[in-house]
Amino acid sequence: MPTDIVILVDDRPFEAELFDTPAATEILRVLPIDAAPEEWGDEFYFAVPVALPPDETATTLVDPGDIGYWPPGRALAIFFGPTPLSTDDRPVPAGAVNLVGRLTCDPASLRGARGARQIRVARR
């Protein structure tokens, strides 16, 4: 069963859920996470204090709203639109990500949070 979380981007709340997967469970164990987000097109990403290998969910096929863990960078990625590798409106990650969750709000709403200085991921 998914676990409800909130992603605060400069104190603006965005609702999401983490899936019931081993990678998502490891991320849940270290919540809350506070970080300074980086942007890559319409993607926020930031380092998290877990080291996980690629798993059975690892993919480069993601949709706006997907939340992935990128093993090479030990980073969480929140996709809300096209990235520099995109050829259409669909995001394309820099490499395969373990799918760990999904925004339950409108992913496009994160566009208004671009330029954020702080991000916090916590249980709701």
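Cut-offs and rules
Residues numbered from 1 in each chain as written. Predicted model: local features only at pLDDT ≥ 70, side-chain atom pairs only at ≥ 80, totals over all residues. Heavy atoms only, no water. Helix = DSSP H or I, 4+ residues; strand = E, 2+ residues; numbered from the N terminus. Rg over C-alpha atoms; globule rule 2.2 N^0.38 Å. Contact = heavy atoms within 4.5 Å. Areas by Shrake-Rupley, 256 points an atom, 1.4 Å probe, with all protein chains shown as cover. Buried < 20%, exposed > 50% of the residue type's maximum accessible area, 1.4 Å probe, protein only. Arc of directions from axis to C-beta.

**Student:** Any chance you could break down the overall build of the protein chain for me, citing the residues and the numbers?
**Tutor:** Helix and strand counts for the protein chain come out as one helix and nine strands. Ordering the α and β elements of the protein chain from the N terminus gives β-β-α-β-β-β-β-β-β-β. In summary, the protein chain has a C-alpha radius of gyration of 13 Å against a globular reference of 14 Å for 124 residues, a match within 12%. In terms of overall dimensions, the protein chain has C-alpha extents of about 30 × 30 × 25 Å along its principal axes. Pairs at least 24 residues apart make up 71% of the contacts formed inside the protein chain by residues separated by at least 6 positions. Accessible surface, the protein chain: about 6,100 Å² in total, of which carbon and sulfur atoms supply 52%.

**Student:** Outline helix H1 (residues 22-29), supporting the account with residue identities and numerical values.
**Tutor:** Note: α-helices contain 3.6 residues per turn, so residues at a spacing of three or four share the same orientation. Those residues of H1 that sit buried are Ala23, Ala24, Ile27 and Leu28. End-on view of H1: buried residues confined to an arc of 140°, all on one side of the axis. Seen from the open side of H1, the exposed residues pointing more than 90 degrees away from its buried face are Pro22 and Arg29.

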